[in-house]
Amino acid sequence: FSMRMQGSSDNVVALPGPAALPSTISLWGGLADSLAVFGQERARTQHFVCPAVNAEDETAFHFPPGVKMIALPPPLAVRDANFDYSAKYEQGPGGVTVKRRLHFQHSGMVCSPDDYRRMRPLIERMLRDLKSQIIVGR
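A quick note: this is a predicted structure, and the numbers were derived from the prediction, not measured.

A few points about the sheet that holds strand β3 (residues 53-62)
A sheet is described by the order of its strands in space; here 4 strands give the open sequence β3-β7-β6-β5, paired in antiparallel fashion. The open sheet terminates on both sides in strands that have one partner only, identified here as β3 and β5 (76-79). Across the sheet, the mean angle from the axis of one strand to that of its neighbour is 5°, orientation sign disregarded. Two strands pair when backbone bridges link them, and β3 and strand β7 (residues 95-104) are joined in this way by 10 bridges, in the antiparallel orientation. Bridged to Phe 61 within β7 is Val 96. Its contacts with the sheet place helix α2 (residues 113-130) against β5, β6 (83-92) and β7, and it is angled at close to 20° to β6.

This is the structure:
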């Protein structure tokens, strides 16, 4: 399915001066929630359900005239036998577009603690990307 939302806020960041804006706004429970479920445990001692995921998010931030991009997160690509994740941050006229894609597949619906130990470093990299910030200023 596809979902589109649009809104505006006068108080997302405190200007003037530099301000940090979260790069992830998850309103629909898709990509960000899927990764959060994978990473909710520091360690696993039992088998767990790990269903296939195929999700894409695109978020566009538009700023009023005079707001400048100071820093964007770097792009990220994480790939292995189970995960294919990418994140891109594209600066355009008056704003930034964040594009993320997650594809996860496993040979079955259940993953083992050993699977999780192998996946955990990749999950942590993807979760760090979801917590990244866009720095703007005026």
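A word on the environment of Asp 115
Inspection of the secondary structure assignment puts Asp 115 in helix α2. Residue class for Asp 115 comes out buried when judged on its relative accessible area of 18%. In sequence terms Asp 115 and Asn 82 are 33 residues apart; their C-alpha atoms lie 9.9 Å from each other.

Description of the sheet that holds strand β9 (residues 133-137)
Spatial ordering of the open sheet is given by β1-β9-β4, a layout of 3 strands whose pairing is antiparallel. Looking at the sheet topology across the chains shown, the edges are occupied by β1 (19-22) and β4 (68-71). Each adjacent strand pair in this sheet contributes to an overall mean axis angle of 45°, direction not counted. Bridge count for β1 against β9 is 4 bridges, and the pairing is antiparallel. Paired with Pro 22 across the two strands is Gln 133, which belongs to β9.

Regarding the pattern of salt bridges
What the rule picks out here adds up to 8 salt bridges. Of the charged contacts, one joins Arg 117 and Asp 114 as a salt bridge, the two residues approaching to 2.2 Å between their closest N and O atoms. Remark: Asp 114 and Arg 117 occur in helix α2; sequence separation between them is 3 residues, near one turn of the helix. Look at Arg 117 and you get exposed, because its relative accessible area is 53%. Salt bridges linked by common partners bring Arg 42, Arg 120 and Glu 124 together as one network.

Quick notes on the rules
- Residues numbered from 1 in each chain as written.
- Predicted model: local features only at pLDDT ≥ 70, side-chain atom pairs only at ≥ 80, totals over all residues.
- Heavy atoms only, no water.
- Pairing = 2+ DSSP bridges.
- Helix = DSSP H or I, 4+ residues; strand = E, 2+ residues; numbered from the N terminus.
- Axes fitted to C-alpha atoms, helices over the stretch in contact; angles between N-to-C directions.
- Contact = heavy atoms within 4.5 Å.
- Buried < 20%, exposed > 50% of the residue type's maximum accessible area, 1.4 Å probe, protein only.
- Salt bridge = Lys/Arg side-chain N within 4 Å of Asp/Glu carboxyl O.

Everything listed here is a matter of geometry and, on its own, says nothing about what the molecule does.
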